[in-house]
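In case you want the letters, here they are:
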Amino acid sequence: PQCTWTGLLATVVTVETETGDNRSSLSSLSAPGRELPPICSDVRQKQRISIDTLPPEVKAPFPSDPVIPLRTKTTKEFQEDVERAVQSGDWREVREFYLTTFDSFIEINAAFKVDPQTQETCSVRTFLSAVPQDIQKSVLKGIINSLLREWKGPRTKDDLRAYLILVQNPQYSSTSTYVIYAHLLRQIAALSEADHHFLVHWLKKLSARRFRQLVERLLQFISTRLFPAEPDELPPLAKCSWWIPSATKVLSLFNAANSVSSPPIMPFTDFYNITLEHIDFMEEYRTWQNYGHSNRFSFCQFPFILSTVVKKAIIQKDSEQQMISQARQSLVSKVSRRQRVDMNLLFLNIKVRRAQLLSDSLDELTRKRCDLKKKLRVTFVGEAGLDMGGLTKEWFLLLVRQIFHTDYGMFTYMKDSRCHWFSSWKCDNYSEFQLVGTLMGLAVYNSIALDIHFPLYCYRKLLTPPTVSCDQNALVGMATATLEDLQQIMPELAHGLGELLSYEGNVEEDFYLTFQVFQEEVGLVKSYNLKPGGDKILVTKQNRKEYVQLYVDFLLNKSIYKQFAAFYHGFHSVCASDALMLLRPEEVEMLVCGSPELDMSALQKAAQYEGYSKADTTVRCFWDVVLAFPAELQKKLLHFATGSDRVPVGGMADLNFKISKIDVPTDWLPISHTCFNQICLPPYRTRKELKHKLTIAISNAEGFGLE
């Protein structure tokens with residue numbers, strides 16, 4: 001008989017049968033799939049481990065299963081024991097059963113075996129919370145015995161199943177059981193890589209509800225160990241420093257199971273531990289940088305647990321340190337040559353004309369390539385505005401708007417997917433693509449959100465590899481492309497290729513395709529072979545998968561390689577940092593673009609006032625008007641007040657938005673100081689008057705000048 005763990009110990013110490021979930025017994029899961037998920041304690045080690053690359057001794061089948069003792073009780077018999085105990089108050093027999101069941105891994109597996117005749121498990125359906133404390137302690141005592149028992153020989157599949165059973169015990173939600181829980185986690189974390197792969201493939205078969213419960217329990221365990229509610233609630237941290245590393249490693253198994261599930265069991269953001277925002281994460285980052293390939297623990301080894309807020313803060317701090325270093329080098333160089341020190345050498349100074357914005361920007365960034373890691377400062381020729389942040393934000397906004405305009409031709413706007421993609425036209429100079437990459441890098445480096453609409457696959461390419469190789473000829477941006485990736489960009493074409501894959505008729509005669517594709521480039525249609533001699537190879541039912549894979553790879557990688565390589569190198573010329581290795585593609589997108597969701601209610605809660613109070617008529621009228629604005633006008637207001645219409649990673653609260661009073665006649669329009677995210681309002685007395693003046697101001701807000 002095979003062991004089943006479905007539904008185990010959600011609220012009971014047993015296996016419950018849960019219907020409606022994607023489950024099966026372990027008989028169908030006794031070996032992992034061919035491609036094993038990566039479970040790596042250091043994100044710098046990028047090699048995926050597959051079953052073919054494992055050493056022979058690991059690929060060898062498990063030893064034969066041990067002889068399992070027969071169960072002494074059926075489900076019905078155990079329920080009768082519980083009912084008698086409730087009536088008589090004598091729980092000795094139930095306690096003895098629990099203690100025996102959890103006394104060893106062999107006994108645990110015996111109790112949870114499926115009966116070959118009835119397909120029933122010995123289902124102990126008594127709620128733990130309903131039984132006396134000494135019964136619950138018996139379970140824990142049995143677990144301690146099983147964990148402390150010495151192992152003889154290699155682990156078997158039943159041993160792994162026992163770990164899977166034990167880790168789901170709901171008693172571990174209580175801090176009083178944390179010592180036992182920690183020892184269990186330590187043993188699971190210490191299992192071999194091959195054993196971890198078996199666990200991962202079994203974990204992903206849990207129900208979404210159970211899976212989430214176990215993840216949340218591990219996150220709570222880590223948080224409580226870091227910040228215990230009572231000082232004496234847990235053993236001293238110095239004596240159990242292995243608790244957090246063990247729990248985090250086990251959590252990485254759940255993260256791996258989530259990653260290889262399609263669709264994921266839960267959003268990747270639910271693995272974030274928000275309490276880590278309150279630790280010294282830069283110390284964690286430095287530890288990881290200095291000891292990344294050693295056994296010294298750092299949360300940066302497991303970046304899935306760090307929120308985007310923490311990762312953004314790490315990148316900002318890392319950027320600041322690089323800026324200071326660059327400025328110091330320039331300063332030392334000037335002083336050593338006994339030259340007069342000009343404070344401008346501490347900045348990346350960009351001077352542009354509005355009429356020639358793109359060409360001037362390209363020239364400036366090309367000429368000052370060595371200064372890209374300095375603090376950015378922008379000047380518009382002929383304007384008196386001083387850049388304290390607002391001019392920089394407007395420069396980004398105007399430049400992005402011009403570059404991505406359809407008339408410019410660098411990027412194609414895909415109407416169906418509402419995103420931009422790289423034009424495949426060939427040219428002699430791809431410097432403008434490098435400019436766009438540099439712009440994106442400068443935006444991340446200087447903490448400015450851009451209104452850019454790239455598909456998620458673009459950011460995956462941008463992290464392939466996450467740091468630039470020393471080899472100048474190394475390929476970059478060549479991420480594995482799937483039909484799902486093409487769906488993000490060209491949904492109609494992806495749908496057509498999907499139909500080709502599922503077509504039941506004669507593919508060769510009905511489609512009459514060859515391994516050749518055609519592309520329109522600057523009014524001319526050009527043909528490309530997907531493989532040598534492709535124009536002479538017909539697509540058949542046997543080779544259509546290869547055709548689709550080659551076609552998708554051609555569209556998303558090969559046809560735009562030079563464009564994307566220039567874009568990639570532009571981005572990394574600014575953002576080269578180990579911190580990029582911590583990021584998922586979704587997180588890079590968030591750092592580049594911010595959030596498009598405008599929550600004006602959150603902005604109202606976080607707003608600060610100068611000269612006004614929340615109760616003043618003008619302030620109340622302002623928020624009445626703004627909350628009633630359509631989304632387009634709300635974006636214009638944000639741009640008017642901050643210089644950008646994007647919301648930063650931390651949300652509206654991170655804007656430090658301020659409303660100030662100016663003592664001028666009410667026929668004046670509102671004014672703003674984008675460097676300080678500040679809007680200045682005359683003392684308007686009516687809602688109608690404020691709405692009229694504010695609408696005019698935010699609809700005509702481009703350029704900087706002095707009254």
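Owing to the predicted nature of the structure, the values given are computational and were not obtained by experimental measurement.

S.K.: Break down the overall build of the protein for me, citing the residues and quoting the values.
M.R.: Helix and strand counts for the protein stand at 26 helices and ten strands. When the 707 residues of the protein are sorted by exposure, 49% land in the buried category. Across the protein, contacts joining residues at least 24 apart in sequence account for 72% of those joining residues at least 6 apart. If you sum the accessible surface of the protein, you get close to 34600 Å²; carbon and sulfur atoms cover 52% of it.

S.K.: Which residues make up the packing of aromatic side chains, and what are the values?
M.R.: Within this structure, the stated rule accounts for 37 aromatic pairs. Ring centres 5.6 Å apart and planes at 85° place the aromatic pair Phe515 and Tyr547 in the edge-to-face group. Of the two residues, Phe515 is situated in the loop between α19 (507–511) and β5 (516–521) and Tyr547 in helix α20 (residues 544–556); the sequence distance between them amounts to 32 residues. Lying over the aromatic face of Trp242, Arg186 brings its terminal NZ or CZ to 4.1 Å of the ring centre.

S.K.: Can you break down the sheet that holds strand β9 (residues 671–673) residue by residue, with the values?
M.R.: Strand order in the open sheet formed by four strands is β7-β8-β10-β9, with mixed pairing between adjacent strands. Here the strands that pair on one side only, and so sit at the sheet edges, are β7 (608–610) and β9. Across the sheet, the mean angle separating the axes of adjacent strands is 25° when strand polarity is ignored. In this structure, strand β8 (residues 658–661) lies alongside strand β10 (residues 678–681), joined through four bridges in parallel fashion. In the strand pairing of β10, Lys658 is matched with Gln678. Sheet strands in contact with helix α24 (residues 617–628) are β7, β8 and β10, and its direction is about 120° off that of β10.

S.K.: Kindly report on the UniProt feature "active site" (unreviewed entry) in the protein, identifying the contributing residues and their values.
M.R.: On the UniProt side, "active site" (unreviewed entry) is annotated at positions that read Cys675 here. With respect to the helices, strands and loops of the structure, Cys675 is situated in the loop between β9 and β10.

S.K.: Quick one: what's the story with helix α11 (residues 281–291), residue by residue and with numbers?
M.R.: Residues Phe281, Met282, Glu284, Tyr285, Thr287 and Trp288 constitute the buried set of α11. Close packing links the buried residues of α11 with α12 (308–336).

S.K.: A description of the nonpolar core should follow, citing residues and the corresponding values.
M.R.: In terms of nonpolar packing, the biggest core is built from 149 residues, with Trp395, Ile403, Trp421, Phe422, Met440 and Phe454 touching the most fellow members. Grouped together as the second largest cluster of nonpolar side chains are 29 residues, Phe622, Val647, Tyr684 and Leu694 included.

S.K.: Go over the state of the cysteines with me, naming the residues and quoting the values.
M.R.: One pass over the structure, following the stated rule, counts zero disulfides. Take Cys593: it sits in no disulfide, and the sulfur closest to it among the cysteines is that of Cys458, at 9.3 Å. A relative accessible area of 3% places Cys593 in the buried class.

S.K.: Which residues make up the environment of Ser192, and what values do they have?
M.R.: Among the secondary structure elements, Ser192 is positioned in the loop between α7 (178–189) and α8 (193–203). Accessibility expressed as a relative area gives 36% for Ser192, which makes it partly exposed.

S.K.: Describe in detail the packing of α7 against helix α9 (residues 208–226), supporting the description with residues and values.
M.R.: It is the contact of α7 with α9, at a shortest axis distance of 12 Å, that shows an interaxial angle of 115°. Our classification of the angle between α7 and α9 gives roughly perpendicular. α7 and α9 meet at a crossing whose hand is left-handed. Counting all contacts with α7, which are made through Tyr178, Tyr181, Ala182 and Leu185, the residues of α9 involved are Arg217, Leu218, Gln220, Phe221 and Thr224. Along the lines of polarity and charge, the residues of the contact of α7 with α9 split into six nonpolar, two polar and one charged.

S.K.: Could you give an account of the pairing of strand β6 (residues 524–529), with specific residues and numbers?
M.R.: Where β5 meets β6, six bridges bridge the pair, whose relative direction is antiparallel. Paired with Val517 across the bridge in β6 is Tyr528.

S.K.: Explain the confidence of the model for the protein to me, using residue names and the numbers behind them.
M.R.: Per-residue pLDDT for the protein averages 80, and the proportion of residues at 70 or more is 80%. Summarising per-element confidence for the protein, the mean pLDDT is lowest in helix α1 (residues 56–59) (44) and highest in α20 (96). Low pLDDT (under 50) marks residues 43–68, which in the prediction has 50 contacts with non-local residues, meaning those over four places away or in another chain.

S.K.: So, the environment of Gln213: which residues are in play, and what are the values?
M.R.: With respect to the helices and strands, the residue Gln213 is situated in helix α9. Of the residues examined, Gln213 reaches a relative accessible area of 27% and is grouped as partly exposed. Along the backbone, Gln213 and Ser173 are 40 residues apart, and their C-alpha atoms lie at a distance of 9.8 Å.

S.K.: Describe the pattern of salt bridges, with residues and values.
M.R.: Pairing between side chains of opposite charge can happen when their charged atoms approach one another. Per the stated rule, a full pass over the model turns up 16 salt bridges. Measuring nitrogen to oxygen at the nearest pair gives 2.6 Å for the salt bridge that ties Asp485 to Arg460. Residue Asp485 is found in helix α17 (residues 483–489), and its partner Arg460 is found in helix α16 (residues 456–462); the two are separated by 25 residues along the sequence. Bridged by salt links that share partners, the residues Arg212, Glu216 and Asp270 form one connected network.

S.K.: An account of empty space enclosed by the protein is needed here, citing residue identities and associated values.
M.R.: Summed over all chains, the structure comprises three cavities of 30 Å³ or more. Every residue lining the largest cavity is counted, 13 residues in all, and those nearest its centre are Ile315, Ser319, Tyr445, Cys575 and Ser577. Elements that contribute at least two residues to the lining of the largest cavity include exactly α12, α15 (431–445) and α21 (561–575). With four residues, the single largest contributor to the lining of the largest cavity is α12. Residues belonging to the lining of the largest cavity are distributed by class as follows: eight nonpolar, three polar and two charged. The residues that make up the lining of the largest cavity include at least three from each of domain 2 (318–450) and domain 3 (483–593). Taken as a whole, the second largest cavity spans an internal volume of roughly 70 Å³.

S.K.: An account of unusual backbone geometry is needed here, citing residue identities and associated values.
M.R.: Between Ser262 and the following residue, Pro263, the backbone shows a cis peptide bond with an omega angle of 0°. The residue Pro263 is located in the loop between α10 (243–260) and α11 in this model. In this model, Thr464 is joined to Pro465 through a cis peptide bond whose omega is -5°. Here Pro465 is to be found in the loop between α16 and α17. Within the chain, Ser447 stands out as a residue other than glycine whose phi angle is a positive 60°. Considering the arrangement of structural elements, one finds Ser447 in the loop between α15 and α16. Assessed through its relative accessible area of 37%, Ser447 is described here as partly exposed. The phi dihedral of Tyr512 is positive, around 50°, even though this residue is not glycine. Looking at the element boundaries, Tyr512 is found in the loop between α19 and β5. Take Tyr512: its relative accessible area is 63%, and that puts it in the exposed class.

What counts, and at which threshold
- Sequence order as written defines the numbering, with residues in each chain counted from 1.
- This being a predicted model, a pLDDT of at least 70 is required before a residue's local features are given, and a value of 80 or more before pairs of side-chain atoms are given or counted; all residues contribute to the totals for chains, interfaces and linings.
- Side-chain numbers here rest on the full set of heavy atoms in the structure, without hydrogens or water.
- Helix numbers and strand numbers start at the N terminus; a helix is a DSSP run of H or I with at least 4 residues, a strand a run of E with at least 2.
- Burial classification: accessible surface area is computed with a 1.4 Å probe over protein chains only, and a residue below 20% of its type maximum counts as buried, one above 50% as exposed, and the rest as partly exposed.
- The contact rule is simple, with two residues in contact once any of their heavy atoms fall within 4.5 Å.
- Computed with the Shrake-Rupley method and a 1.4 Å probe, the accessible areas treat only the protein chains shown as cover for residues.
- Only rings of Phe, Tyr and Trp enter the pairing, Trp through its six-membered ring, and a pair is recorded when the two centres are within 6.5 Å. The plane angle decides the type: under 30 degrees is stacked, over 60 is edge-to-face, the rest tilted.
- When the NZ atom of lysine or the CZ atom of arginine is within 6 Å of a ring's centre and also within 35 degrees of its normal, the charge is said to sit over that ring.
- The criterion for strand pairing is that DSSP finds at least two bridges linking the strands in question.
- Axis lines are fitted through C-alpha atoms, for helices just across the contact stretch, and the angle between N-to-C directions can take any value from 0 to 180 degrees.
- UniProt positions are given in the numbering used here, feature names are shortened, and annotations may be inferred rather than shown by experiment.
- In these notes, a set of buried Ala, Val, Leu, Ile, Met, Phe, Trp, Tyr and Cys residues joined through side-chain atoms within 4.5 Å is what counts as a nonpolar core.
- A pair of cysteine sulfur atoms is labelled a disulfide when the two atoms are within 2.5 Å.
- Relative orientations are named as follows: roughly parallel for angles under 35 degrees, roughly antiparallel for angles over 145 degrees, roughly perpendicular for angles from 65 to 115 degrees, and oblique for any other angle.
- By convention, the crossing between two helices is left-handed when the near helix turns anticlockwise from the far helix through less than a right angle, and right-handed when the turn is clockwise.
- Each residue gets one label: Ala, Val, Leu, Ile, Met, Phe, Trp, Tyr, Cys and Pro are nonpolar, Asp, Glu, Lys and Arg are charged, and the others, such as Gly, are polar.
- Per-residue confidence from the predictor is reported as pLDDT, a score between 0 and 100.
- Here, a salt bridge means any Lys or Arg side-chain nitrogen found within 4 Å of an Asp or Glu carboxyl oxygen.
- Within this scheme a cavity is a closed region of a 1 Å grid, computed over the protein atoms alone, that accommodates a 1.4 Å probe without allowing it to escape, whereas a pocket is open but has protein on both sides within 12 Å along at least five of seven lines; lining residues each have an atom within 4 Å of a point.
- Grid points are joined across faces, edges and corners, and a volume is the space filled by probe spheres set on the points.
- Boundaries of every domain are those given by an automatic assignment or by a domain database.

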